[in-house]
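Close look at the chain arrangement
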Amino acid sequence: MPESDTSLESREVVTTRVPLIKLGQQVEDTWVLSRDTESLPESRPAIVPLALWQEHTDDSELAPWLPSDTELTSALVATLEREALVAIDFPAFTDGRGYTLARLLRERFGYAGEIRAIGDVLIDQLYYMSRCGFDALALREDQDVEAALRALKAFSVSYQPAVDLHEPLFARRLREHRAG
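Residues numbered from 1 in each chain as written. Predicted model: local features only at pLDDT ≥ 70, side-chain atom pairs only at ≥ 80, totals over all residues. Heavy atoms only, no water.

**Considerations on the pattern of salt bridges**
In total, this model carries ten salt bridges according to the counting rule given. Each of Lys22, Asp29, Glu114 and Arg116 takes part in one network of salt bridges that share partners. (Salt bridge = Lys/Arg side-chain N within 4 Å of Asp/Glu carboxyl O.)

**Some words on the side chain of Arg116**
Checked against the element boundaries, Arg116 lands in strand E8 (residues 114-119). By relative accessible area, Arg116 is classed as buried at 3%. A distance of 3.0 Å separates the side chain of Arg116 from the side chain of Asp29, its partner in a polar contact. Once residues lying within four places of it in the same chain are set aside, the contact partners of Arg116 are Leu20, Asp29, Trp31, Ile47, Leu85, Val86, Ala87, Ile88, Phe134, Ala136 and Ala138. (Helix = DSSP H or I, 4+ residues; strand = E, 2+ residues; numbered from the N terminus. Buried < 20%, exposed > 50% of the residue type's maximum accessible area, 1.4 Å probe, protein only. Polar contact = N/O pair within 3.5 Å; in protein donor to acceptor, adjacent residues only side chain to side chain. Contact = heavy atoms within 4.5 Å.)

**A short note on helix H4 (residues 97-108)**
Residues spaced three or four apart along an α-helix point in a common direction, a consequence of the helix completing one turn every 3.6 residues. Between its first and last C-alpha, H4 extends 16 Å over twelve residues, near the 16 Å set by a 1.5 Å rise per residue. Taken as a whole, H4 has its buried residues at Gly98, Tyr99, Leu101, Ala102, Leu105 and Arg106. All buried residues of H4 project into a common sector of 165° when viewed along the axis, lining one side. Buried residues along H4 sit against strand E6 (62-66), helix H3 (74-80), strand E7 (85-90), E8 and helix H5 (126-132). Two residues or fewer past H4, Gly110 is found with a positive phi of approximately 65°. (Expected span 1.5 Å × (residues − 1). Arc of directions from axis to C-beta.)

**Here we look at the side chain of Arg106**
The topology assignment puts Arg106 in helix H4. Residue class for Arg106 comes out buried when judged on its relative accessible area of 16%. Within the structure, Arg106 has its side chain in polar contact with the backbone oxygen of Gly113 (distance 2.7 Å). Once residues lying within four places of it in the same chain are set aside, the contact partners of Arg106 are Tyr111, Ala112, Gly113, Glu114, Ile115, Cys132, Gly133, Asp135 and Val163.

**What to know about the confidence of the model for the protein**
The predicted model of the protein has a mean per-residue pLDDT of 86, with 84% of residues at 70 or higher. Low pLDDT, under 50, characterises residues 1-10; the stretch is placed with two contacts to residues that sit more than four places away or in other chains. (pLDDT = per-residue confidence, 0-100.)

**Some points on the nonpolar core**
Within the largest apolar cluster, 37 residues are counted, with the highest numbers of intra-cluster contacts made by Ile88, Leu105, Leu126, Met129 and Phe134. At six residues, helix H6 (residues 145-152) tops the list of elements feeding residues into this core. Not counting residues within four places of it along the chain, the set of residues in contact with Met129 comprises Phe90, Tyr99, Ala117, Val121, Phe134 and Leu137. Grouped together as the second largest cluster of nonpolar side chains are twelve residues, Leu20, Trp31, Leu33 and Ile47 included. (Core = buried A, V, L, I, M, F, W, Y, C linked by side-chain atoms within 4.5 Å.)

**Remarks on the pairing of E7**
With six of six residues buried, E7 lies mostly within the body of the structure. On E7, burial covers both faces: Leu85, Ala87 and Asp89 on one face and Val86, Ile88 and Phe90 on the other are all buried. For E6 and E7, the ladder comprises two bridges, and the chain directions are parallel. Note that in E7 the partner of Trp65 across the bridge is Ala87. Pairing analysis gives six bridges linking E7 to E8, with the strands arranged parallel. Pairing of Ile88 across the sheet is with Ala117, part of E8. As for the winding sense of the linkage, the β-α-β connection from E7 through H4 to E8 is right-handed. (Pairing = 2+ DSSP bridges. Right-handed = clockwise from strand over helix to strand, strands pointing away.)

Spelled out as structure tokens, the structure:
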């Protein structure tokens, strides 16, 4: 392969569209995900790496994806809160830092837009992701959408407080007992 073809191929790193669950339902994804850290993809709207997005914050057809080691500074959060979508990358299913980023964005910083999980997103993580503030889940390509939708409904009661339910179970039961 000629050298010019190789360089072009390595620059445009756009992933294929993967199954997307948003607010508990499968939806068609209108965004492309680019992992290219050097240049913007031609396809739009596009989710691009944070550093690249920061160079082009005036482009409304771009949204950032945050690596799992992102530090949420007040300056970064101030720019993110204007965006309709922020994606958080899970480089491996064993890396749980993305849960913390989502919860901080929702609870501490009041981010109201879409928070999308991308990367190594597996069915058995979805319920917990939704409890931490993710409202869109881009499944890894080998994951079954129907099984994923069932997994989101696997638990009918949550003991701990979270983004989706601020009161722990014991407090709900105590309140119900006093009211009854």
